[in-house]
Amino acid sequence: YYKRYFRRRVHQVSGANRLVIAGIALLLRCPLVVAGQPIETFSKPSVPLPLQPFTVELLDLNRGRWHFSDALGQRLSLKGPVTAYAFSGGAKGSLRLGYLCCDPEFPDDSSHAVLKIVAAQQQADESTRFHLEEPFFSCWVSVRAGDRGVYRCWLQDLELGPATSGDRYVAGLYLLVGQSTCPLWLGVGGDSPQPQVRLLTSRVGNVFTEKEPVAVTLAVLCPDGGQDMDLTVEATDYATGDIAWRGHVGFGCEAGTVTLRTSMVPLKRFGVFEVTASSKEIPAAKVRACRIPEVKRIRPESSSLGINLFQQQIWWYAYQVPLMAKAGVHWIRPWLAWENTWNTQEAADGRWDPRALDAALRRMDKYGQRYQNILFHAPSWLTGTTEWSAPPLDKLDRWTDYVEKVVTRYRGRVRYYEVWNEPDLMWPEATRHSGEHYLAVLKAAYKAAKRGDPNCVVLGLSHAGYENWLVNVGKLGAKDYMDVATIHTYAQPHDFVAQVERRRELLTTYGMGGKPLWINEFGAPAYDFSREYSEKFDCSEMKQASVLAANYALAFSCDPKMKAYWFCTYDPRDAAHEPEWTGDAGIGILYLGFLPKLSYAALAGVSRELDGRECLGRVDVSKDLHQVSFKGPVSIAWDDRPGSGEGISATGIGCAGDERIVVRDMFTNLVATGQAGQVGLDFSHGPLYVEGSRQLAAIAQAESAVHLEVKRLSLKRGETTVVPLAFPPRCEMTVTIDPKMSLTTLLRQAGPAGKRELVLRVEESADRCSGFMRLRARLEKGVFGLRESREVVRTVPLSVGVPSLIRDGGFFLGNLFEWSPERASAYTWDAEIGHATPGSLRLDAPFDRRLVHWNVVPQHGHPVHLRGWVKSAGLTGCSVTLNLALFGPDKWLKTWCLATNGAVADFDSGWRMVAKPGEIPRGSADWTQVEATLPADAIPAETDRAAFFVEVNGGGQGRIWIDDLDLWQPED
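Residues numbered from 1 in each chain as written. Predicted model: local features only at pLDDT ≥ 70, side-chain atom pairs only at ≥ 80, totals over all residues. Heavy atoms only, no water.

Caption draft 1: Just the packing of aromatic side chains, in detail. Enumeration according to the criterion identifies 35 aromatic pairs in this entry. Relative to Tyr 371, the ring of Trp 316 has its centre 6.4 Å away and its plane inclined at 15°; by these criteria the two rings are stacked. Taken together, the positions of Trp 316 in helix α4 (residues 316-326) and Tyr 371 in strand β25 (residues 370-375) put the pair 55 residues apart, joining distant regions of the chain. Accessibility expressed as a relative area gives 0% for Trp 316, which makes it buried. Cluster of aromatic residues (ring-pair linked, three or more members): Trp 342, Trp 352, Phe 376, Trp 381, Trp 399, Tyr 402 and Trp 420. Of note, Arg 129 hangs over the ring of Trp 140, and the distance from its end group to the ring centre comes to 4.4 Å. Lys 366 extends its terminal NZ or CZ atom over the ring of Tyr 367, reaching a point 5.7 Å from the ring centre. (Phe/Tyr/Trp six-rings, centres within 6.5 Å; stacked < 30°, edge-to-face > 60°. Helix = DSSP H or I, 4+ residues; strand = E, 2+ residues; numbered from the N terminus. Buried < 20%, exposed > 50% of the residue type's maximum accessible area, 1.4 Å probe, protein only. Lys NZ or Arg CZ within 6 Å of the ring centre and 35° of its normal.)

Dropping the structure here:
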């Protein structure tokens, strides 16, 4: 059925010659009645298929006009009118309306389609009105006859339902004039007497791979007068704004016809392109085309590249499967309530219907993809609610029966099963935070799944981020009932690894260590069609594409068995209208109507350059500059602040000057080749791939080979602690600790070569204090192929006497990444200035920034003490505060301001100032100590976590440095 895409080379079509059908082959004919309306139904109809499926084109052309009737875009409505034309070629006869319903397993295939024909419902004002009524598509269509056999049509009161409300979608709309079948052509710009020029391609998403010619079709609709056309066709690279190609097309068109011209656009680059056809006489026509490299051949089991699927009006496996396969995605995670759910498969007790999942898997088999199932959404007949509810504890036998049935049925076809999605966020409030309910469901599912298929892999946790929940399920024994731990994070690249490693630390601490770790959701939004949305959420297609490329690379570096899933394929909400804005409204890599964003092309780049390669390690070259290396050698490098500099030499990220390298942009376009010492790297258009640098790869391996199994240490007086170390051969190691810590250290051999232990002992007389331990490992030249020796430094925050509630104590290069930034103004790690040792947090005016340490866990019955050091210069017109926000199991409780520069605006409801806040200086050449205490009775009994944050706002002028922050509670 795809052959029509490659055969179609239509030059000029008249209504009489092309739109009249000699006959319709009928294998089945049966009258139906829907909503009181008689319908004729014909299977396997021989009707002309439109270039674009009608529902797809309708969504695409009216993007920004649709009303989203629910939170996830399952129901869309549009009052209208939407203008369309039918060209009959002068045919006569009664009017009827036909609509082609295609099977999403066989998209655009008439042999699996059904044509439904409805008679006129109303006749008024020279117009004939039809009503189309399906659960997934309904509207009124008004038709008025014009000259030369042209019929003007107006679609109104459009209602598009969820894909799951049927097993079809509307692929074509037709006006039947007597015995002639005339496709409806959607117009642009209303009912204009001028010829209307449309630009289309013959494929959903307008995606072409490098071996395919990029073909665009000019469709000139001439309802009234015809004319000679002389059009300039231009293709602009959306990422750079450069013109990639320009040409001219000339032809004539007759009134009463639709004229088609297919033009080749000889693009040589990869990415997203705006193709425009324009002339002085008519409005410009546009289409967005995407060109990506050929997919790399790789076994799906060897792939780490996954994506979450989202659908609205058309079953996802119709078009999204081939689109994702073209981009090189091998792993699909269905989000969230489609064919995979118990509620869909058994909507009524005892009525088992897995046909939708069967169809999805057949599509995935066709394209060489794998399905990571989510066991989710117990049916309402079991739970008594239509919410995404968990199986009740007293009905777990039904849950285990269901799981075993599913796993048994799909043994050998589906191997991976995730037990629920984000139970720490979606679980019933009464049982969410203890973790006991989830543990019972996980345990039952694990045992049932293994009975159904002993070789299946059970994924547990699907952790959204609530740390107390993660701690609880770990203590209850979750490790024994999962094969893979899964987490979600929506961190930006600068914070991504810190969030992942924080979860890994908790998994290890609370009995779940040693499991492979998958990141099943990560993402970032983009909606360039709304400037207001982009400004509000600080996003763009370029930024989203950059985050995608960087975060996939970082994810691959976090675990050798990693599979990472972007969220998601398709925008779930409407980012065009402010009342419906959410931060994730534009989080898809496809706009409404399957239009690719730059991130889709970047995804194809990740597949081509990185997927299936062993990750060698990652390196923070500086606070903003990073690289991750893979076997090949291939590295990806990026700048977190790409507009802050003019680029650097390739040697600036670690390449050896005499290495010959190839540099590509994130879409895999060639940027530069040559010796690294003579190649510059410009990150202003996103991450770059560097091929051929063995030195970059060696540096990444060296950084990954030096490993401490602790991220921070809280030690008691008189305590001895043993810290395991891992390091490569030919490596000299030294340890330094702040003298004030009153610690003794000993490095000793532990087990095989490359394993040592660091023994730490705290003196009985040690004062309560905080500081750092720094491990320096010097690797000799030749280790991993290093061209020269290299020093790797690991810094661990220490506290003595009482545990510290925040994980730093000071600010240094690696540590600053643990703070989550919000809002926009400048902040950095100042390597030259520090309180006790060089290195501190610096914030610069104009001020609008919040830096947050999440998931501080205060103890009840103890005061919280703050101590820190501040240095400032010329602070005016701004507010600087240090704050502690307190949270209960499912809500924010209140926020306490612990320190201020005295320029605090009125606090919002729920904010309080401690009795004696610390005084932050407005100007101080020397470091000033800032101290404050939050009384024990200021911490509500329901508090289970807190967040400490630095906040500067109000614009103003000046600069401030903060260092050696310490937040603690006295021990009993």
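Now, onward.
Caption draft 2: Structural context of the sheet that holds strand β46 (residues 755-762). As summarised here, the arrangement of the 4 strands in space is β41-β43-β46-β45, forming an open sheet in which the pairing is antiparallel. Edge positions in the open sheet fall to β41 (707-708) and β45 (743-749), since each of these has one partner strand only. As defined by bridge partners, strand β43 (residues 720-726) adjoins β46 across 7 bridges and the pair is classed as antiparallel. In the sheet register, Leu 725 faces β46, and the bridge partner there is Arg 756. (Pairing = 2+ DSSP bridges.)

Caption draft 3: Seen up close, empty space enclosed by the protein. Within the structure shown, the criterion is met by 5 cavities of 30 Å³ or more. In this structure, the second largest cavity occupies an estimated 50 Å³ of space. Lining the second largest cavity are Arg 63, Phe 68, Tyr 527, Asp 571, Arg 573, Asp 574, Ala 575 and Leu 592. Along the lines of polarity and charge, the residues of the lining of the second largest cavity split into 4 nonpolar, no polar and 4 charged. (1 Å grid on protein atoms, 1.4 Å probe; cavity = no way out; pocket = protein on both sides within 12 Å on 5 of 7 lines; lining within 4 Å. Points joined across faces, edges and corners; volume = space filled by probe spheres on them. Nonpolar A, V, L, I, M, F, W, Y, C, P; charged D, E, K, R; others polar.)

Caption draft 4: Quick peek at the sheet that holds strand β28 (residues 484-488). Spatial ordering of the closed barrel is given by β23-β24-β25-β26-β27-β28-β29-β30, a layout of 8 strands whose pairing is parallel. Each adjacent strand pair in this sheet contributes to an overall mean axis angle of 25°, direction not counted. (Axes fitted to C-alpha atoms, helices over the stretch in contact; angles between N-to-C directions.)

Caption draft 5: Quick look at the packing of α4 against helix α6 (residues 355-366). At a closest axis distance of 10 Å, the pairing of α4 and α6 adopts a crossing angle of 25°. When the interaxial angle is binned, α4 and α6 end up roughly parallel. The way α4 lies across α6 gives a crossing that is right-handed. Residues Trp 316, Tyr 317, Ala 318, Val 321 and Pro 322 of α4 touch α6, and the partners they reach there are Ala 356, Ala 359, Ala 360, Arg 363 and Met 364. Per-class residue counts for the contact of α4 with α6 are 9 nonpolar, no polar and 1 charged. (Parallel < 35°, antiparallel > 145°, perpendicular 65-115°, else oblique. Left-handed = near helix turned anticlockwise from the far one by under 90°. Contact = heavy atoms within 4.5 Å.)

Caption draft 6: Region of the structure containing the side chain of Ser 142. Its place among the elements puts Ser 142 in strand β10 (residues 137-145). Polar contacts involving the side chain of Ser 142 include one to the side chain of Arg 129, which spans 3.3 Å. (Polar contact = N/O pair within 3.5 Å; in protein donor to acceptor, adjacent residues only side chain to side chain.)

Caption draft 7: Geometry of the pairing of strand β52 (residues 847-856). For β52, a buried count of 8 out of 10 residues is recorded, marking the element as mostly surrounded by other parts of the structure. With 4 bridges connecting them, strand β49 (residues 820-823) and β52 associate as antiparallel partners. When the sheet's bridge partners are listed, Pro 821 is paired in β52 with Leu 851. As paired elements, β52 and strand β58 (residues 945-955) share 7 bridges and run antiparallel to each other. Counted as the bridge partner of Arg 850 is Glu 951 from β58.

Caption draft 8: Structural context of the pattern of salt bridges. The tally for this structure, following the rule as stated, stands at 53 salt bridges. The closest approach of N and O atoms between Glu 521 and Arg 333, which form a salt bridge, is 3.1 Å. One end of the pair, Glu 521, is in strand β29 (residues 517-522); the other, Arg 333, is in strand β24 (residues 331-334), and 188 residues separate them in sequence. Accessibility assignment for this pair places Glu 521 and Arg 333 in one class, buried. For the salt bridge of Asp 571 with Lys 597, the shortest nitrogen-to-oxygen distance reads 2.9 Å. One end of the pair, Asp 571, is in the loop between β30 (564-566) and β31 (590-591); the other, Lys 597, is in the loop between β32 (595-596) and α16 (598-609), with 26 residues separating them in the sequence. Classification of Lys 597 as buried rests on a relative accessible area of 0%. Sharing partners across several salt bridges, the network here consists of Glu 822, Arg 823, Asp 848, Arg 850 and Glu 951. (Salt bridge = Lys/Arg side-chain N within 4 Å of Asp/Glu carboxyl O.)

Caption draft 9: Examining the environment of Met 482 more closely. Assignment of secondary structure puts Met 482 in the loop between α12 (467-475) and β28. For Met 482 and Lys 447, which are 35 residues apart along the polypeptide, the C-alpha to C-alpha distance reads 9.9 Å. The contacts of Met 482, once residues within four sequence positions are left out, are Tyr 446, Val 458, Gly 460, Leu 461, Met 512 and Lys 515.

Caption draft 10: Broad picture of helix α15 (residues 541-558). Across its 18 residues, α15 extends 26 Å between first and last C-alpha, which sits within 8% of the 26 Å expected from 1.5 Å per residue. α15 sits mainly inside the fold: 17 of its 18 residues count as buried. (Expected span 1.5 Å × (residues − 1).)

Caption draft 11: Here's a closer look at the side chain of Thr 489. Summarising the element assignment, Thr 489 is placed in the loop between β28 and α13 (493-509). For Thr 489, a relative accessible area of 2% puts it in the buried group. A distance of 2.8 Å separates the side chain of Thr 489 from the side chain of Gln 499, its partner in a polar contact. With residues near it in sequence (within four places) discarded, Thr 489 still touches Phe 496, Gln 499, Val 500, Arg 503, Ile 519, Glu 521, Phe 522 and Gly 523.

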